[in-house]
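# Survey of secondary and tertiary structure
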Amino acid sequence: MQDSGVIRHRGKIESTITNARLVLEIQKEHGSLSNYIWSFVDGKPIINRFKFMGDVPLASEEAKVMAKEMKKKGFKFFGPTIAYAFMQAVGMVNDHTVDCFCYTECGGKPEHATAP
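Residues numbered from 1 in each chain as written. Predicted model: local features only at pLDDT ≥ 70, side-chain atom pairs only at ≥ 80, totals over all residues. Heavy atoms only, no water.

## Some remarks on the environment of glycine 74
Mapping glycine 74 onto the fold places it in the loop between α3 (61-73) and α4 (80-89). The class of glycine 74 is partly exposed, set by a relative accessible area of 22%. For the pair formed by glycine 74 and phenylalanine 52, sequence separation is 22 residues and the distance between their alpha carbons is 36 Å. Contact partners of glycine 74, with chain neighbours within four places excluded, come to Thr18, Asn19 and Leu22. (Helix = DSSP H or I, 4+ residues; strand = E, 2+ residues; numbered from the N terminus. Buried < 20%, exposed > 50% of the residue type's maximum accessible area, 1.4 Å probe, protein only. Contact = heavy atoms within 4.5 Å.)

Laid out in structure tokens, this is it:
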């Protein structure tokens, strides 16, 4: 607890253990954590079309629903902002701006493309 390089908040340490146990329960219930989390976006990534980084929200309706469901299951330290950041990190949401080279690599259509 004295090492400044590690988390020292006892609640966060305990929640990590609790959350890990809850993930095991989700895996039993849904077959995998992936199956469960992707259900919040109907199994396909959300491709946003933001022009400016300032337009990217801190959370989405899907992230709010995910956080609420995770809280119901007993997860701690998992609110809508954390849920949304998680969704961005695992590719459930593409929030790269349309001019970013990663935008098309992550499934976005180029700015000049027409709708399908």
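## Some points on the nonpolar core
Membership of the largest hydrophobic core comes to 18 residues, with the highest contact counts inside it found for Met66, Met70, Phe78, Met87 and Met92. Those elements that provide at least two residues to this core are α1 (10-30), α2 (33-38), α3 and α4. In this structure, phenylalanine 78 is in contact with Met66, Ala67, Met70, Lys71 and Ala83, ignoring residues within four places of it in sequence. (Core = buried A, V, L, I, M, F, W, Y, C linked by side-chain atoms within 4.5 Å.)

## Regarding the pattern of salt bridges
Counting across every chain of the model gives 3 salt bridges. For the salt bridge of lysine 64 with glutamate 61, the shortest nitrogen-to-oxygen distance reads 3.4 Å. Of the two residues, lysine 64 and glutamate 61 are both situated in helix α3; the distance of 3 residues between them amounts to about one turn of the helix. (Salt bridge = Lys/Arg side-chain N within 4 Å of Asp/Glu carboxyl O.)

## Some words on unusual backbone geometry
We note that aspartate 42 has phi near 55°; this positive angle belongs to a residue other than glycine. Of note, aspartate 42 is situated in the loop between α2 and β1 (46-47). Its identity is not glycine, yet phenylalanine 77 carries a phi of approximately 55°, on the positive side. For phenylalanine 77, the position within the fold is in the loop between α3 and α4.

The analysis is restricted to geometry; functional conclusions fall outside its scope.
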